[in-house]
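Chains, contacts and geometry: an overview
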Amino acid sequence: MTSGIDVHKVRAETPACANLIHFNNAGAALMPEPVYQAVQAHLDLERRIGGYEAAAAVQVELDDFYSSFSELLGCEPDEIAYIENATRAWDMAFYAIPFRAGDRILTVEAEYASNFIAFLHMAKRCGVVIDVVPSDASGATDVAALERMVRAGSVKLIAITHVPTQGGLVNPAAEIGRIARANGILYLLDACQSVGQMPVDVGEIQCDMLSGTGRKFLRGPRGTGFLYVRRGILDQLDPPFLDLHAAEINASGGYRLAPGAIRFENWESFVAGRLGLRMAARYALGLRLPAIKDRVYALADELRETLQRIPGVTTHDLGRERCGIVTFTKADEAPDAIKTRLAASQINVSVSRARYAALDLGKRGLPAVVRASVHYYNTSEEISRFCRVLSDRA
């Protein structure tokens, strides 16, 4: 398996690889040493000289956060905001949209439950209509059906999850973006599971807003996130929360919003986490996202193929394009029992439940699935051991 990534080096920079098999990258990936050191060094600096003073000392690096993410996502630095997590980033974008009664929101069967709860909240608050776009035969969003639904009119927002929490499906985000842009419809992309395991270019996708997290495939610290907001739609949005960082009081007694996407930030933030997230972006860029994608996809394909040879195991990933998330069930063993048994052998996985994705797993009659998510620092040898342990149930 060739990808251009020095696997020995990235594993050496990920000390936990020596002690365990981490197939829970869709939950929280292992931080590489440079990310850990960025966080730890700043916490130590705060301890030694004070929080405000430490932040002032690293202002150049804090400013570079915006440049790092603009390079990662293919946008301008002033279109990036640092947010404390992906859920809040998504919320800041969604709740900034001026919905009116009768506005339609188009979403998809793979949508994350937290996002769908926000749709329901907005329906209760102001009478928006939620329409779910069906999936095609592969399980991906049916782009032709979405286009027909757009032609019916009154669509204010298309909001989709790029890669769902419950499987390896990669939704056709760029095809959807083409339709949204052609029809002047706002497009919000939840890229929580995609950024860090594949190239994500907001210009190619044509999304207006994109939210993401640090802790998953980007390998950043927990409690960190980011938001992209396209410069051309800023004036259409009204941030749901403002403080003296996002706006300033003007001479007439009113207020003026900060320029760019920082109007979605707030003044206080986890400075060490922001530095760690910046380093995570730089680390991924240094490895090159196309190379990361090639290795992650190849490892996931190998894992699926090996799992399918184990009696009683069924894989459940949908779509024509499938990424580093692999989900499965075993006929004679519950997902939680599998997770516990694997953990006893120092193998990390997680369990995705129907309540996280009721429109998808519920429809398929799957109350829960085991989620094994690989990253570029994993290996074929780890896949072989994982499958042996899974098969060797006493």
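The paragraphs below set out a description of the structure included in this document. (Residues numbered from 1 in each chain as written. Predicted model: local features only at pLDDT ≥ 70, side-chain atom pairs only at ≥ 80, totals over all residues. Heavy atoms only, no water.)

**Quick look at the sheet that holds strand 15 (residues 368-373)**
- What the four strands build is an open sheet, ordered 11-12-15-14; its pairing is antiparallel. At either margin of the open sheet sits one strand with a lone partner, and together these are strand 11 (313-315) and strand 14 (350-353). Mean inter-strand twist for the sheet, computed between neighbouring axes without regard to direction, equals 40°.
- In this structure, strand 12 (residues 325-330) lies alongside strand 15, joined through four bridges in antiparallel fashion. Bridge pairing in strand 15 places Ile325 opposite Ser373.
- Together, strand 11, strand 12 and strand 15 form the strand contacts of helix 12 (residues 289-307), whose direction differs from that of strand 12 by roughly 10°. (Pairing = 2+ DSSP bridges. Helix = DSSP H or I, 4+ residues; strand = E, 2+ residues; numbered from the N terminus. Axes fitted to C-alpha atoms, helices over the stretch in contact; angles between N-to-C directions. Contact = heavy atoms within 4.5 Å.)

**A closer look at the sheet that holds strand 6 (residues 186-190)**
- Read from one edge to the other, the open sheet built from seven strands follows the order 2-8-7-6-5-3-4, with strand pairing classed as mixed. At either end of the open sheet lies a strand with only one pairing partner, and these are strand 2 (80-83) and strand 4 (129-133). Across this sheet, the average inter-strand angle for adjacent strands is 20°, counted without regard to direction.
- Pairing of strand 6 with strand 7 (residues 209-213), which is carried by three bridges, proceeds in the parallel orientation. The residue bridging Leu189 from the neighbouring strand is Leu210, located in strand 7.
- Strands strand 2, strand 3 (104-108), strand 5 (155-161), strand 6, strand 7 and strand 8 (225-229) of the sheet are contacted by helix 6 (residues 86-94), whose axis makes an angle of about 165° with strand 7.
- The strands that helix 9 (residues 173-182) touches are strand 5 and strand 6; relative to strand 6, the one it contacts most, it runs at about 165°.

**Some remarks on the packing of aromatic side chains**
- Taken as a whole, this structure holds 14 aromatic pairs when the rule is applied.
- For the ring pair Phe65 and Tyr66, a centre distance of 5.2 Å and an interplane angle of 85° mean the geometry is edge-to-face.
- Residue classification places Tyr66 among the buried residues on the basis of a relative accessible area of 13%.
- With a centroid separation of 5.8 Å and an interplanar angle of 75°, the aromatic rings of Phe116 and Phe119 are classed as edge-to-face. A residue pair is termed a helical-turn pair when its members lie 3 or 4 positions apart in one helix, as Phe116 and Phe119 do in helix 7 (residues 113-126) at three residues. The burial state of Phe116 is the same as that of Phe119; both residues are buried.
- One aromatic cluster is present, formed by Trp90, Phe94, Tyr95, Phe99, Phe116 and Phe119 through successive ring pairs. (Phe/Tyr/Trp six-rings, centres within 6.5 Å; stacked < 30°, edge-to-face > 60°. Buried < 20%, exposed > 50% of the residue type's maximum accessible area, 1.4 Å probe, protein only.)

**Some points on the nonpolar core**
- Ranked by internal contacts, the top residues of the largest apolar core, which has 62 residues, are Leu73, Ile158, Tyr187 and Leu210.
- The greatest single-element share of this core, amounting to six residues, is contributed by helix 11 (residues 271-287).
- The residues touching Leu210, leaving out its near neighbours within four places in the chain, are Leu73, Leu188, Leu189, Ala191, Val195, Val200, Val202, Phe226, Leu227 and Tyr228.
- Counting 28 residues, the second-largest nonpolar core is a separate cluster that includes Ile83, Phe94, Ile97 and Leu237. (Core = buried A, V, L, I, M, F, W, Y, C linked by side-chain atoms within 4.5 Å.)

**Regarding the pairing of strand 4**
- Bridge count between strand 3 and strand 4: five bridges; the pairing is parallel. Paired with Arg104 across the two strands is Val129, which belongs to strand 4.

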